[in-house]
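The lines below spell out each chain.
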Amino acid sequence: MHVGITKPGQGYWVRVLSAVFAGVLTLAAAQWAWEQAAVLDLPVRAYELSLEGVEGELAADDTVTLLAPPTDLESTRDSEEIGVAVVESFEARDRRRAVVTILPPAGLPEGRNALDANRLADADGGAFEARVRSRRADPVVARIFVSAGLAGVIILAGAIAIFLLVGSGRRSVDFLIVTDGEMKKVNWPTRPEVVGSTQVVIFASVLLAAILFMVDVGFSKFFQFVGVLEGG
């Protein structure tokens, strides 16, 4: 298997520009993958809840009941039980505030998760109770690592494909070299020819637009005269 540069120096600019264009596409794909990773539903390792109005304390391996606003709009209850979770850690703060980390609860109702909870209570009938002030999911893998991994894989695959396309692939390299040779045979127009052709195109476009405008105005006046259109 050939791993070096095939026929170096031949078809230089076509190969370089092809590599640049493919590189831009690869970077665009990597950026798209990075953005898509931001909306992936990653597996959750634990949930961190910031609490206020805390009464009592918790310890690791205690169980708490998660309470959330009822989904039934006609319900008169302030909250309903949505599940029970195991406490991983509990850190008390001042002014009856605390931060608790809970493991993902099992058996939650469909459409519910721990982030819906607005209150916690001791599942064993203890005195602990608190309101949830804010909540955050802690995924198994940090989202930044997932984004960087997807983007990195795409960039690596793109780099390998570009090298095979313009560097070591004999068939593709031969094609690019032939293309470069054909491009050198093209009779490119001179600057005065390009300027003259551009002026002709601009003049023809303006003239055509003026003619169409006058025709449009003429038809509009005619249809207003015969009563088909109302005068503006």
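Calculation notes
Residues numbered from 1 in each chain as written. Predicted model: local features only at pLDDT ≥ 70, side-chain atom pairs only at ≥ 80, totals over all residues. Heavy atoms only, no water. Helix = DSSP H or I, 4+ residues; strand = E, 2+ residues; numbered from the N terminus. Buried < 20%, exposed > 50% of the residue type's maximum accessible area, 1.4 Å probe, protein only. Contact = heavy atoms within 4.5 Å. Expected span 1.5 Å × (residues − 1). Arc of directions from axis to C-beta. Pairing = 2+ DSSP bridges. Axes fitted to C-alpha atoms, helices over the stretch in contact; angles between N-to-C directions. Parallel < 35°, antiparallel > 145°, perpendicular 65-115°, else oblique. Left-handed = near helix turned anticlockwise from the far one by under 90°. Nonpolar A, V, L, I, M, F, W, Y, C, P; charged D, E, K, R; others polar. Core = buried A, V, L, I, M, F, W, Y, C linked by side-chain atoms within 4.5 Å.

K.L.:
How would you explain the environment of E80 if you had to name every residue and give the values?
P.N.:
Summarising the element assignment, E80 is placed in strand β3 (residues 80-93). By relative accessible area, E80 is classed as buried at 18%. If we skip the residues at most four places from it in the chain, E80 touches L66, L67, A68, P69, P70, T71 and R112.

K.L.:
Let's hear about helix α3 (residues 170-185): which residues, and what values?
P.N.:
When the terminal C-alpha atoms of α3 are compared, their 23 Å separation across 16 residues agrees well with the 22 Å that a helix rising 1.5 Å per residue should span. Of the residues making up α3, those classed as buried are S172, V173, L176, I177 and D180. For α3, the angular spread of the buried residues around the axis is 140°, confining them to a single face. Relative to its buried face, α3 has exposed residues pointing more than 90 degrees away, namely R170, R171, F175, V178 and K185. Each element contacted by the buried residues of α3 is listed here: α1 (12-37) and α2 (143-168).

K.L.:
Quick rundown of the sheet that holds β3? Include the residues and the values.
P.N.:
Ordered by their spatial adjacency, six strands build a closed barrel running β1-β4-β3-β2-β5-β6, and the pairing between neighbours is antiparallel. Between one strand axis and the next, the sheet turns through 45° on average, direction left out of account.

K.L.:
Go over the packing of α1 against α2, please, and point to the residues and values.
P.N.:
Between α1 and α2, whose axes approach to 8 Å, the crossing angle comes to 160°. Our classification of the angle between α1 and α2 gives roughly antiparallel. Crossing hand, α1 versus α2: right-handed. Considering only residue class, the contact of α1 with α2 consists of 17 nonpolar, six polar and two charged.

K.L.:
Which residues make up the nonpolar core, and what values do they have?
P.N.:
L51, L66, V100, I102 and L120 are the most contacted members of the largest nonpolar core, which has 21 residues in total. Judged by nonpolar contacts, the second largest core, of five residues, contains V14, A22, I162 and V166.

K.L.:
Explain α2 to me, using residue names and the numbers behind them.
P.N.:
Spanning 26 residues, α2 covers 36 Å between terminal C-alpha atoms, matching the ideal 38 Å at 1.5 Å per step. Within α2 the residues assigned to the buried category are V146, S147, A151, G158, I162, V166, G167 and S168. Among the structural elements, α1 and α3 are those in contact with the buried residues of α2.

K.L.:
Would you mind going over the pairing of strand β2 (residues 63-68) in detail, with residue names and values included?
P.N.:
Burial analysis of β2 places five of its six residues in the buried class, which makes it a mostly covered element. As judged from the six bridges shared by β2 and β3, these two strands associate in the antiparallel manner. Along β3, the bridge assignment pairs L67 with E81. Pairing analysis gives four bridges linking β2 to strand β5 (residues 119-122), with the strands arranged antiparallel. Bridge pairing in β5 places L66 opposite L120.

So, to be careful, I would describe these as geometric facts and stop short of saying anything about function.
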